[in-house]
Amino acid sequence: MKPDEYFQMLKNEADKLYILAEKARSRGFDPEDNVEIPRAEDLASRVEQLIGFKGIAEIIRDFSKKYDRETVSIMTAKEIAKRLFDDKKKALDVSIRAGLAILTEGILVAPLEGISKIDIKKNSDGTDYLAIYYSGPIRGAGGTGQALSVLIGDVVRQDLGISRFKPSDNLVERYKEEIQIYKNVEHLQYNPSPKEIEITIRNCPVCIDGEGTIDDEVSGFRDLPEVETNRVRGGMCLVVAEGLIQKARKIKGIVDKMKIDGWNFIDDLIKDEKKDEEGKSSEKFIEDIVAGRPVFSHSERKGGFRLRYGRCRTGGLATVSINPATMVLMDNFIAAGTQLKLEFPGKAAGMTACETVEGPIVLLKNGDLVQANTLEEAIKIKDQVEKIYDNGEILIPFGEFLENNYPLRPGSFTIDWWEKIVKSKNLEKPREKDFETLYNFSLKYDVPLHPDYNLFWHDMDMEKIKILRDYLLKNSRISDGKLFIEKNKEIKEILCELGVLHIEREKYIVEKYSKALIRMLGLELQETIIIENKKFPENVTDPVEIVEELSGITILPRAPTRVGARMGRPEKAAERKMKPPVNVLFPIGETSNNRRSITTLINDVNAKINVTMGLRVCPKCGRKTYKLRCEKCGSRTNFTEKEQEIELSIGKLWKEAIENLGEMPGDDFNVKGVKGLISKELLPEPLEKGILRALHNVWVYKDGTSRFDMSNLAITHFRIREIGLNAQKARELGYENDIFGNPVTNEDQICQIMPQDIIISKNGAGYLVNVSRFIDDLLEKFYHMEKFYNIKDERDLIGHLVMGLSPHTSGAVLARIIGFTDLSACFAHPFFHAAKRRNCDGDEDSVMLVLDALINFSRHYLPSSRGSLMDAPLFLSLKVDPREIDKEALNVDILWDYPLEFYIAAMKKQKPSDVSNIMETIKNRLGKENEITGYGFTNDTPDINRSVKESTYKTLKQMDEKTQAQLFLAKKLRAVDETDVANRIVSHHFIPDIMGNMRKYGTQEFRCTKCGRKYRRMPLSGKCQCGANLVLTTSEGNITKYLSLSKKVSDEFKINNYTRQRLLFAEEAIKTMFSNKEENKIIEIKENKNGKTLEDYI
Amino acid sequence: MKELYDLVEKFNIRAKQDEKLRKEIQDLERKIQINFRDNGSYNFILKNAQVFEIKDNLQNPDIVVSISTDVFNKILNKEMDVLSAYITRKFTVKASLSDKLLISELLK
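Residues numbered from 1 in each chain as written. Chains lettered and ligands numbered in written order. Predicted model: local features only at pLDDT ≥ 70, side-chain atom pairs only at ≥ 80, totals over all residues. Heavy atoms only, no water.

1. Concerning the overall build of chain B
Rules: What counts as a helix is a DSSP run of H or I of at least four residues, what counts as a strand is a run of E of at least two, and both are numbered from the N terminus. In this treatment the radius of gyration is a C-alpha quantity, and the globule benchmark scales as 2.2 Å times the residue count to the 0.38 power. Burial here depends on accessible area, computed with a 1.4 Å probe over protein chains only, as a share of the maximum for the residue type. Under 20% is buried, over 50% is exposed, and the range in between is partly exposed. We call two residues in contact whenever any of their non-hydrogen atoms come within 4.5 Å of each other. We get accessible surface area from the Shrake-Rupley algorithm with a probe of 1.4 Å; when it comes to residues, only the shown protein chains can shield them. In this charge count, Lys and Arg are treated as positive and Asp and Glu as negative; neither His nor the chain ends contribute. A charged residue contributes its charge at one atom only: NZ of Lys, CZ of Arg, CG of Asp or CD of Glu.
The helix and strand inventory of chain B stands at five helices and five strands. N-terminal to C-terminal, the α/β element order of chain B is α-α-β-β-β-β-α-α-β-α. Relative to the 2.2 N^0.38 estimate, which gives 13 Å for 108 residues, the radius of gyration of chain B is 13 Å and therefore close to what a compact globule would have. Over its C-alpha atoms, taken along the principal directions, chain B stretches across nearly 30 × 30 × 25 Å. Looking at chain B residue by residue over its 108 residues, the buried ones come to 48%. In chain B, of all internal contacts separated by at least 6 residues, the share reaching a separation of at least 24 is 62%. For chain B, the accessible area works out to roughly 5900 Å², and carbon and sulfur atoms hold 46% of it. Between the centroid of the 19 positive side chains of chain B and the centroid of its 17 negative side chains there is a distance of 3 Å.

Rendered as structure tokens:
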């Protein structure tokens, strides 16, 4: 299928669903009679729909023809301000929000909810100034977006003739204090110095203001006339620290380009920046270590992940790959989709399996040193592993370095690279692959030794090489091509560090590397005896140079760069549930049982509940009700902006709903509602929807939709078989040709995935089948229409449309299901993930059936609190346009192999931009005919599902089990310092947890065991309003849960004295607090004689 | 105002040679007034993808550019970027959005 036909097909199919949903909605059972998710064709229309100002789309489209995104945002803001010149406040409001919306691709709610207010205030000299009030959701816009919104404000205020902001000294001091408090309470990516804050606030022409977002207040500079609140303004802190100051360099680029006056202070901020430390190793990735999530390699440690350049077909957009054998031998802690925190090039990455990179080298309990390169090989030996000497390769695409602007590092010397060298010398590579042939080839043509026989010589030192050489001369012999070495502990360690695979019997028996080892050490064979061929070089200390000298050929390091890594978030594939999970947004009140179960309430047909609903009134007959339709005349009622406490006959309502559906649920049927509504209109969902959802085990989210969450992973090419398709089905989906242009005839062919096609987890497929059955029942029994999906099993889902939606955004993206994976992940084209403003570094987001969202989503159900628009599908993008998505997706490299010049540049540690002219990325294809076709990848893998499917972190349930497994692995890994890991776990996780919970214990509340109602103080009655018992919210167990584990870890791993003493202090504090257990245990005030009364407690 | 006439001539040559530009403006007919804050007004008409000066007063011009001679010369000498100059209000344009984009072409 050609790209145009593909996008048209998607649009047509989506249009059909819209028609169907509109028909259902027109029945009048929902808050609006129309579908509430408008279609957005491009960025311009998304921005227009988000901002709600007619005409913006045309302005954006016109400017987009000529200018880049940042310029378009400024020009659009100016144009809007001009059109609204007579109402300056509105002009500022609309233009700044629109400018920010353009910068955030029109799918974030930050322009709406991150800017709470825009005001024109007075300086002390009587002139006007612009104040932008930021709030928490501005975080989603990112530092650059935040800072640019200030810049846009400045440009527009000048157009409107508004003066600059002139802060008082006190106000500047207030900012310094406030940001410091915010940093202590919340997380700031960048901690600005007081000097940086002063430079920014004194000179920024716009006042960065905000509403109080956290309870903490400033203590020094209170009650200033310029600031309405003494509370800390979180949004302001973010924009100043993470926006203007952290992104000063980027802002300077834009200010310089556009020659905007009044922003020279940015230069002072840049001067203050610390010197660039790019390229140096960093321990940052390991700082926030969490118990149960192992470290796989410390920074630059021998034996750590070996950097290999290339892109697997499941790679790019922060997805990197390792051999599945590595996953298994890391005790299954790494599964596909698991997030790894990396030392470089980016902060984190999602993992996939690739069997064409090298696996780990491990020492088995029987003394054999083996390398596992396939899943099966690893599974076979996983219980016999004594030590992991080398983690194997990690395949990182060039695009990751480009995206993060991280200097290239020398990569592992691979066969691909070797072949490039051979080709560059106009040579034919030898047909035979044995060592002698390859060695002689290298000798003759000055080509480096073939990677098949390369060892970790660079991990040695002169002394070790000499010891090994001397030992082999005296204590080894060759027989049947195998090298037999007398046993020796020191030699064993050297062999293992060098990566010389061998088996251990009465002697060490080396097979593959026997001749290589002899040659590289300057020895040779005389029949079965080993003799010296070359003298050991004097005055050479570099191990590789020594071996080059001894062998007479060039050696390129096998693993010149090791990448530090630890486990981040585990992978996820689970249905979206509210806490606690519910089937329907229908309130059942505080006084009912704590299980939110409607079903248990309706045994008595006269059962009643007290709930708060919105007060609505019928415009025709004036009747008051909480319902959407007037019970008397059937007219649509209007919300009066008031709420009402009412007593509902839930039994009667239930009976009506059941009769309406004609559905009689069985005995084990359980519909769960919410305690109370939190939407502005307090409008409940129809009970019928909850009954049908419960019938199909479907849960509802805050906006009426039912979703499935999965970790994101990038894929550019798929093998037909691996995603559960056959050739015929693939052709039906439009995959008529494979990557080589051959017609698709068998399941082993590889096709390039189309931009909006996705491969979902099988668990997700099962849930979406349930949702489809719910929708079919809903259409038939509730809306009295025909069923639509008629899905029998998961396979029938193929070809159906879903929406993808990420947290913090409000723009859903249309997608088509084309297959399934056994993994807990959603594989999709980088464009699709980027369109949701996501990369694949362990992020997860949701999919939902399009028809479910179109019928059941309503803004009227969304909570009235700030930030509620986030993660709600306010519109649907039908087509993904690579020009309108995050540029990260454009930095994905699409070469079939990397050129020799690239490897040379990497050896020289050049910047990625220096070689971007020879490394084709998607960006190079924009505007060309092959913009979305004909991509390449460097590394194939037989099947994307050949991987660990679930991380040990998830399979182990208890924290002590996880921690023990983590430390057990740390002991096995050569690249990991287990004492350091133990130290970090205790000092960064356990001690803060113990101390935090102790603090909480002192300020805790009381909770009802039945209805969950919370009390700040114990009521005089000693019991809850509902009559049930009250318990403390933080128990002794909460505080002490990690204590014994911490002590055990501290003893076993000899953690440092400082941490050990902190732990002792914590233990002492706990002992003091719970010295009399009987008195201080969970306080249960019971009425029966065994319990205590409040008086007893006092 | 020699620089202005040179600019018009340059634009006309470009419009003849650049097929894409010619297509864009082929069907446009616009009355353009350029007010030099320190050097009087000049009137032009864009028609058939060419710009002609007219000596008569313009009634209801479609595009009115207000600019100083200094800024104008700086833009022509590439000392100042036309877009930056517009964003920083070094000159103003009264026109529809598409006509503003047209002016940026003219001043290139």
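More follows now that the structure is in view.
2. Things to note about the overall build of chain A
Scanning chain A for helices and strands turns up 37 helices and 37 strands. A globule of 1098 residues ought to have a C-alpha radius of gyration of about 31 Å, and chain A, at 33 Å, matches this closely. Counting only C-alpha atoms and orienting by the principal axes, one finds that chain A spans roughly 110 × 80 × 70 Å. The proportion of buried residues among the 1098 residues of chain A is 59%. Restricting to contacts in chain A with at least 6 residues of sequence separation, those with at least 24 account for 74%. Between the mean site of the 167 positive side-chain charges and the mean site of the 169 negative ones, chain A shows a separation of 2 Å.

3. Here we look at the pattern of salt bridges
Residue and element names in this part refer to chain A. Which entries qualify depends on this criterion: By definition, a salt bridge exists where a carboxyl oxygen of Asp or Glu is found within 4 Å of a side-chain nitrogen of Lys or Arg.
All told, the structure shown has 98 salt bridges over all chains when counted by the stated rule. Notably, a salt bridge pairs Lys252 with Asp256, separated by 2.9 Å at the nearest N-O pair. Within this pair, Lys252 and its partner Asp256 are both found in helix H11 (residues 248–258), separated by four residues, close to a single helical turn. For Lys252, a relative accessible area of 25% translates into the label partly exposed. Note on Asp256: relative accessible area 40%, which makes it partly exposed. Close ionic contact of Arg623 with Glu631 constitutes a salt bridge, the shortest N to O distance being 3.7 Å. Judged by relative accessible area, Arg623 falls into the partly exposed class, the value being 36%. Of the residues examined, Glu631 reaches a relative accessible area of 43% and is grouped as partly exposed. Among the ionic contacts, a cluster of salt bridges with common partners joins Arg306, Arg308, Glu358, Asp390, Glu393, Asp459, Arg558 and Arg562.

4. Thoughts on the environment of Gly114 of chain A
Residues and elements named next belong to chain A. Note on placement: Gly114 falls in helix H6 (residues 110–114). Under the relative-accessibility criterion, Gly114 is labelled buried at 0%. The sequence separation of Gly114 and Pro137 amounts to 23 residues, and the corresponding C-alpha distance is 4.4 Å.

5. Quick look at the confidence of the model for chain B
Fine structural detail should not be taken from predicted coordinates in areas where pLDDT scores are low. Here is the rule we go by: What pLDDT reports is the predictor's confidence in each residue, on a scale of 0 through 100.
In the predicted model, chain B carries a mean pLDDT of 86, and 99% of its residues have values of at least 70. Mean pLDDT values over the elements of chain B span from 80, in helix H5 (residues 97–106) of chain B, up to 91, in strand S4 (residues 63–67) of chain B.

6. Regarding the packing of helix H31 (residues 959–972) of chain A against helix H32 (residues 978–1002) of chain A
Residues and elements named next belong to chain A. The condition is simple: Helix axes are fitted only over the stretch in contact, all axes being lines through C-alpha atoms; the angle between N-to-C directions runs from 0 to 180 degrees. Comment on the angle field: the value is read as roughly parallel under 35 degrees, roughly antiparallel over 145, roughly perpendicular from 65 to 115, and oblique elsewhere. Classification used: nonpolar for Ala, Val, Leu, Ile, Met, Phe, Trp, Tyr, Cys and Pro, charged for Asp, Glu, Lys and Arg, polar for all others including Gly.
Here H31 crosses H32 at 150 degrees, and the two axes come no closer than 9 Å. By the angle class used here, H31 and H32 are roughly antiparallel. Across the interface between the two elements, Met959, Thr963, Gln966, Leu967, Ala970 and Lys971 of H31 pack against Glu978, Val981, Ala982, Ile985, His989 and Phe990 of H32. In the contact of H31 with H32, the residues fall into seven nonpolar, three polar and two charged.

7. Quick look at the domain arrangement of chain A
Keep this limit in mind: For each domain, the first and last residues come from an automatic or database assignment.
The assigned domain composition of chain A is domain 1 (42–272), domain 2 (418–558), domain 3 (579–695) and domain 4 (977–1097). Taking the mean C-alpha position of each, domain 1 of chain A and domain 4 of chain A sit 43 Å from one another.

8. Re helix H1 (residues 2–17) of chain B
Keep this limit in mind: Here the expected span of a helix is defined as 1.5 Å times the quantity of residues minus one.
The end-to-end C-alpha separation of H1 of chain B is 23 Å, in line with the 22 Å expected for 16 residues at 1.5 Å each. Buried residues belonging to H1 of chain B abut helix H2 (19–25), strand S1 (30–36), strand S2 (40–47), strand S3 (50–54), helix H3 (69–76) and H5 of chain B.

9. Some thoughts on the packing of aromatic side chains
Residue and element names in this part refer to chain A. This is how the line gets drawn: A pair of Phe, Tyr and Trp rings is counted when the ring centres sit within 6.5 Å of each other, with Trp represented by its six-membered ring. The angle between the planes then sorts it: under 30 degrees is stacked, over 60 is edge-to-face, the rest tilted.
Summed over the entire model, instances satisfying the criterion amount to 31 aromatic pairs over all chains. Pairing Tyr309 with Phe902 gives two aromatic rings, centres 4.8 Å apart and planes at 85 degrees, and the pair type is edge-to-face. With a gap of 593 residues between them, Tyr309 in strand S6 (residues 305–309) and Phe902 in helix H29 (residues 900–907) connect regions that are remote in the sequence. For Tyr309, a relative accessible area of 5% puts it in the buried group. The buried category is assigned to Phe902, whose relative accessible area is 0%. Note on Phe435 and Tyr439: the rings are 5.6 Å apart at their centroids and 25 degrees apart in plane angle, and the pair reads as stacked. Pair noted here: Phe435 and Tyr439 are both in helix H18 (residues 435–445), with a separation of four residues, about one helical turn.

10. Notes on the interface of chain B and chain A
Note the cut-off: What gets called buried area is simply the loss in accessible area from a 1.4 Å probe that two parts show on being joined, summed for both. Polar contacts, as counted here, are pairs of nitrogen or oxygen atoms within 3.5 Å of one another; within protein the pair requires one atom able to donate a hydrogen and one able to accept it, and residues that are adjacent in sequence qualify only if both atoms are side-chain atoms.
Listed per partner, the contact involves 15 residues of chain B and 21 residues of chain A. A combined buried area of about 1600 Å² lies between chain B and chain A, and 59% of that area is made up of carbon and sulfur atoms. A per-residue breakdown of the area chain B buries against chain A is headed by Ile87, Leu97 and Leu101 of chain B, which together make up 39% of the total. Run the count over chain B and chain A and you get three salt bridges. Of the charged contacts, one joins Lys90 of chain B and Asp261 of chain A as a salt bridge, the two residues approaching to 3.6 Å between their closest N and O atoms. Viewed at the interface, chain A and chain B are joined by eight residue pairs in polar contact (both at pLDDT 80 or more). Looking at which element gives the most residues to the side of chain B that touches chain A, the answer is H5 of chain B, with five residues. Of the residues belonging to the side of chain B that touches chain A, the class tally is seven nonpolar, three polar and five charged.

11. As for the sheet that holds strand S20 (residues 562–563) of chain A
All names here are of chain A. Put simply, the test is: Any two strands with at least two DSSP-identified bridges between them are counted as paired.
Across the sheet, eight strands lie side by side as S5-S21-S8-S9-S7-S13-S6-S20; this open sheet has mixed pairing. Here the strands that pair on one side only, and so sit at the sheet edges, are strand S5 (295–297) and S20. For S6 and strand S13 (residues 393–396), the ladder comprises four bridges, and the chain directions are parallel. Across the sheet, the residue bridging to Leu307 is Ile394, located in S13.

12. Examining helix H10 (residues 234–245) of chain A
A rise of 1.5 Å per residue sets the reference length of H10 of chain A, with its twelve residues, at 16 Å; its end C-alpha atoms lie 15 Å apart and thus fit the reference within 8%. With twelve of twelve residues buried, H10 of chain A is to be regarded as a mostly interior element.

13. Considering empty space enclosed by the protein
Definition in use: As defined here, a cavity is a set of points on a 1 Å grid over the protein atoms alone where a 1.4 Å probe fits but cannot get out. A pocket is an open set with protein on both sides within 12 Å along at least five of seven lines, and residues line them when an atom is within 4 Å of a point. Grid points are joined across faces, edges and corners, and a volume is the space filled by probe spheres set on the points.
Evaluated as defined, the whole model comprises four cavities of 30 Å³ or more. A volume near 110 Å³ is recorded for the largest cavity. What lines the largest cavity is Phe63, Tyr67 and Met75 of chain A together with Val82, Leu83, Tyr86, Phe91, Val93, Lys100, Leu101, Ile103 and Ser104 of chain B. Contributions of two or more residues to the lining of the largest cavity are made by helix H4 (82–87) and H5 of chain B. Counting residues per element, the lining of the largest cavity draws most heavily on H5 of chain B, which supplies four residues. Looking at the lining of the largest cavity residue by residue, the class counts come to ten nonpolar, one polar and one charged. Each pocket or cavity is described by its volume, and for the second largest cavity that value is around 70 Å³. Lining the second largest cavity we find Arg46, Glu105, Ile107, Val813, Ala835, Ser877, Lys879, Val880, Asp881, Glu884 and Ile885 of chain A. Grouping the constituent residues of the lining of the second largest cavity by class yields five nonpolar, one polar and five charged.

14. With respect to the layout of surface pockets
Residues and elements named next belong to chain A. What the second largest pocket holds in volume is close to 560 Å³. Lining the second largest pocket are 24 residues, with Lys627, Leu628, Pro686, Leu687 and Glu688 positioned closest to its centre. Where the lining of the second largest pocket is concerned, the elements lending two or more residues are helix H23 (650–661) and helix H24 (687–695). With four residues, H23 is the largest single contributor of residues to the lining of the second largest pocket. When the residues that make up the lining of the second largest pocket are grouped by side-chain class, the tally is 14 nonpolar, three polar and seven charged.

15. Some words on the nonpolar core
The nonpolar side chains of soluble globular proteins are, as a tendency, buried together. Put simply, the rule is: Remark: nonpolar core denotes a set of buried residues (Ala, Val, Leu, Ile, Met, Phe, Trp, Tyr, Cys) joined through side-chain atoms within 4.5 Å.
Judged by nonpolar contacts, the single largest core of 262 residues is most densely connected at Trp263, Phe718 and Ile758 of chain A together with Phe91 of chain B. Of all the elements, helix H26 (residues 762–782) of chain A adds the most residues to this core, at ten residues. Both domains that meet at this core, namely domain 1 (42–272) and domain 3 (579–695) of chain A, each give it at least three residues. When neighbours within four sequence positions are excluded, Phe91 of chain B is seen to be in contact with Arg37, Val65, Ser66, Ile67, Ile75, Val82, Ala85, Tyr86 and Leu107 of chain B. Residues Ile394, Leu438, Ile555 and Ala906 of chain A belong to the second largest nonpolar core, which totals 127 residues.

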